[in-house]
Amino acid sequence: MNATLNRIFLSFALIGLFTVSNAFAQKTKVQKLDKRKFAIEIRETTTEGKKFEKDVFEFTPKEVIGDYFESKLKVQTIHYKTVKDSSYTDDGSEVKYFQISGQEKSGKADEEYHIEAIVNGRDISGTIKLMKGDIVKKSWEFEGSQNN
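Presented here is a report on the structure given in the accompanying data block. (Residues numbered from 1 in each chain as written. Predicted model: local features only at pLDDT ≥ 70, side-chain atom pairs only at ≥ 80, totals over all residues. Heavy atoms only, no water.)

Quick notes on the sheet that holds strand β8 (residues 135-146)
Point 1. Pairing within the closed barrel is antiparallel, and its 8 strands lie in the order β1-β2-β3-β4-β5-β6-β7-β8. When strand polarity is set aside, the average angle formed by the axes of neighbouring strands in this sheet is 30°.
Point 2. Pairing of strand β5 (residues 93-105) with strand β6 (residues 111-120), which is carried by 9 bridges, proceeds in the antiparallel orientation. From the neighbouring strand, Gln 99 faces β6, where its bridge partner is Ile 118. (Pairing = 2+ DSSP bridges. Helix = DSSP H or I, 4+ residues; strand = E, 2+ residues; numbered from the N terminus. Axes fitted to C-alpha atoms, helices over the stretch in contact; angles between N-to-C directions.)

Okay, structure coming up:
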C-alpha cells in the first residue's frame, strides 16, 4: 500500500514539474531569425554617388532571401550561419542580438559574395562584398528594420 501511494505521489509530482517547466519554456521562447523579414535600404559603396534602393530581406533557417540578390547580384539567396546569438535587457524588455556571416558563389566560378550582418532587436545593418580571392571587387551596405 505504501509503495502504491509513493508511486501516485511521484506521478503527480512529475506531472506538476512537467507542467511548470513547459509553461516556463513557452514563456521564455527565444526568437530566432527564421521567418523574420526586414525592410532594408541597400546601396553599392564601390562607386561614389550610388543611391539607396529599397528591398525586403527574409530569413530562412540557413538563407537570406531578397529581390536585390536576384536582380543585381544574380544569385537567388545567400547562405549564412549565426556567429553570435545573445540577448540583453533594455528598459525591462529582452532584446535579441544576432551576428551572421555567410557566403555564396557568384555566376563566375572564382568569385563569391560575402555577407556580414548584425540584427539588434528589430534593426539590421551589414555589408555584402563580391570577392575574387582576397580582393574586394564590389561592396554594398544595407540597413533597415523588421517589418513583421
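What about the pairing of strand β2 (residues 53-59)?
Point 1. Looking at chain direction, strand β1 (residues 37-44) and β2 are connected through 6 bridges and run antiparallel. Paired with Lys 37 across the bridge in β2 is Glu 58.
Point 2. Counted between consecutive antiparallel strands, the loop separating β2 from strand β3 (residues 63-65) contains 3 residues.

A closer look at the environment of Glu 111
Point 1. Tracing the chain through its elements places Glu 111 in strand β6.
Point 2. Along the chain, Glu 111 and Gly 133 lie 22 residues apart, while their C-alpha atoms are 7.1 Å from each other.
Point 3. Apart from the residues lying within four places of it in its own chain, the contact partners of Glu 111 are Lys 105, Ser 106, Leu 130, Met 131, Lys 132 and Lys 137.
Point 4. At a separation of 2.4 Å, a polar atom in the side chain of Glu 111 contacts the side chain of Lys 137. (Contact = heavy atoms within 4.5 Å. Polar contact = N/O pair within 3.5 Å; in protein donor to acceptor, adjacent residues only side chain to side chain.)

Structural notes on the environment of Tyr 113
Point 1. Structurally, Tyr 113 is set in strand β6.
Point 2. For the pair formed by Tyr 113 and Val 75, sequence separation is 38 residues and the distance between their alpha carbons is 9.1 Å.
Point 3. Ignoring any residue separated from it by four or fewer positions in sequence, one finds Tyr 113 in contact with Leu 73, Val 75, Ile 78, Gly 102, Gln 103, Glu 104, Ser 106, Ile 128, Lys 129, Leu 130 and Trp 140.

Section: the pattern of salt bridges
Point 1. The tally for this structure, following the rule as stated, stands at 9 salt bridges.
Point 2. Between Asp 85 and Lys 96 there is a salt bridge, and its shortest N-O distance comes to 2.7 Å. Within this pair, whereas Asp 85 is found in strand β4 (residues 77-90), its partner Lys 96 is found in strand β5, the two being separated by 11 residues in sequence.
Point 3. Looking at Asp 85, the relative accessible area reads 33%, which means it is partly exposed.
Point 4. A single salt-bridge network, built from bridges that share partners, covers Lys 32, Asp 85 and Lys 96. (Salt bridge = Lys/Arg side-chain N within 4 Å of Asp/Glu carboxyl O. Buried < 20%, exposed > 50% of the residue type's maximum accessible area, 1.4 Å probe, protein only.)

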